[in-house]
Amino acid sequence: MIAQRTLDHSIRCSGIGLHSGRKIQLILHPSAEDTGITFIRSDLGIKIPATSAHVTDTRLCTTIGNAETSISTVEHLLSALAGLGVDNARIEVSGPEVPIMDGSSAPFVFLIQCAGIREQGKAKKVMRMLKRVEVSDGDKRCALYPAAGFKIGYLLDYDHPLLRNRRVEVDFSHQAYTREISRARTFGFLHEIEALQKAGLALGGSLENAIVLDTHRVVNEGGLRYEDECVRHKILDTLGDLSLAGMPIVGAFEGERTGHEMNHLLVEALLADPSSYRIEELKLDHSEAAEVSGEQVQPA
Ligand SMILES: [Zn+2]
């Protein structure tokens, strides 16, 4: 059996919110089997499960919420949890967004590794893709389709000399999330950041937590962490957004020019068609184990 995983103990950190510029406390706690990832606005005492049904905004980042409140920029922390195979955790956030840290998920990976990861008594559940699910809008498209293991391919294609027609594929059966993806920072264009800040957004944004590009080059003095860091960040975001399906996916993702909105529409299309996947307990090993065991778990 491949067991569900949670944190070994609680751990905290603080950082700045990208959009509010406010200091925010974050505490990660262990959580029981089959509880999934749940966020709590600790300043309000309101719980918000990290599921696609709770996504309320996907314009600048992924926001989850309910009628009362919301939490923004959940995707990098969700990506770290998914990348490290954490199924269950309770996450307290003291304000309206998860701190941006350095713009990547590496600080969250470090935090989770410091807390330690503990295996639990029940088998990990996965969604195995049985057929292709696709969404598109003009030249933007993304799809999930059947494949052994889990991989993400992404094509970035902006009208910018560094970001034209760049594709990266990461097969997580062979390539480590922490090394290949987690250090990739979010990115933005100088003129867009100036416009956002005039509109009272991205107030916490700086060269400390984003790659900033002007019309020709990277503005950050230290340059890039990976040659194709921006594409890798799109893969980081995608992993976090896909985790809102509620469990890991066995299959492949291919995206072209997409972002949080299309990722969300894809997860909604997946969940709307129960014939497109099968929920299985993961046994033996991570690749074709569930097929070997043949055991099926009906969707909740
Ligand atoms: Zn991002």
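Engineer: With reference to specific residues and values, describe the overall build of the protein.
Structural biologist: Of regular secondary structure, the protein possesses 7 helices and 19 strands. Against the 2.2 N^0.38 benchmark of 19 Å for 300 residues, the protein shows a C-alpha radius of gyration of 18 Å, consistent with a compact globule. In terms of overall dimensions, the protein has a C-alpha envelope of 55 × 40 × 35 Å along the principal axes. Here the protein, with 300 residues, has 43% of them falling under the buried criterion.

Engineer: Could you give me a rundown of the domain arrangement of the protein, with the residues and numbers involved?
Structural biologist: By convention, interface size is frequently given as the accessible area that disappears when the constituent parts associate. Under the domain assignment used here, the protein contains domain 1 (3-123) and domain 2 (126-293). Taking the mean C-alpha position of each, domain 1 and domain 2 sit 18 Å from one another. Taken together, the contacts link 32 residues of domain 1 with 35 residues of domain 2. Listing elements by their share of the side of domain 1 that touches domain 2, those giving two or more residues are α1 (75-83) and α2 (106-115). Top contributing element to the side of domain 1 that touches domain 2 by residue count: α1, with 8 residues. A breakdown of the residues in the side of domain 1 that touches domain 2 according to their chemical character gives 15 nonpolar, 15 polar and 2 charged.

Engineer: Hey, could you go over helix α5 (residues 229-242) for me, with residue numbers and the actual values?
Structural biologist: Between its first and last C-alpha, α5 extends 20 Å over 14 residues, near the 20 Å set by a 1.5 Å rise per residue. Across the 14 residues of α5, 14 count as buried, placing the element largely inside the fold.

Engineer: Let's hear about the sheet that holds strand β3 (residues 23-30): which residues, and what values?
Structural biologist: Pairing is mixed in the open sheet, where 5 strands are placed in the order β2-β3-β9-β4-β5. A strand with exactly one partner marks an edge of an open sheet, and here the two such strands are β2 (11-16) and β5 (46-49). Put simply, the sheet's adjacent strands are angled 25° from each other on average, direction ignored. Its contacts with the sheet put α2 on β2 and β3, and the angle it makes with β2 is roughly 165°.

Engineer: Outline the packing of α1 against α5, supporting the account with residue identities and numerical values.
Structural biologist: Packed helices, taken two at a time, are described by the angle between their axes plus the distance between the axes. It is the contact of α1 with α5, at a shortest axis distance of 7 Å, that shows an interaxial angle of 80°. Taken as axis vectors, α1 and α5 run roughly perpendicular relative to one another. Note on element contacts: α5 touches α1 through Leu 236, Asp 237, Leu 239, Gly 240 and Asp 241, opposite Glu 75, His 76, Leu 78, Ser 79, Ala 82 and Gly 83. In terms of residue class, the contact of α1 with α5 is made up of 4 nonpolar, 4 polar and 3 charged.

Here is what the cut-offs are and how they apply
- Residues numbered from 1 in each chain as written.
- Predicted model: local features only at pLDDT ≥ 70, side-chain atom pairs only at ≥ 80, totals over all residues.
- Helix = DSSP H or I, 4+ residues; strand = E, 2+ residues; numbered from the N terminus.
- Rg over C-alpha atoms; globule rule 2.2 N^0.38 Å.
- Buried ≥ 20, exposed ≤ 12 C-beta atoms within 10 Å, placed from the backbone.
- Domains from an automatic or database assignment.
- Contact = placed C-beta atoms within 7 Å.
- Nonpolar A, V, L, I, M, F, W, Y, C, P; charged D, E, K, R; others polar.
- Expected span 1.5 Å × (residues − 1).
- Pairing = 2+ DSSP bridges.
- Axes fitted to C-alpha atoms, helices over the stretch in contact; angles between N-to-C directions.
- Parallel < 35°, antiparallel > 145°, perpendicular 65-115°, else oblique.

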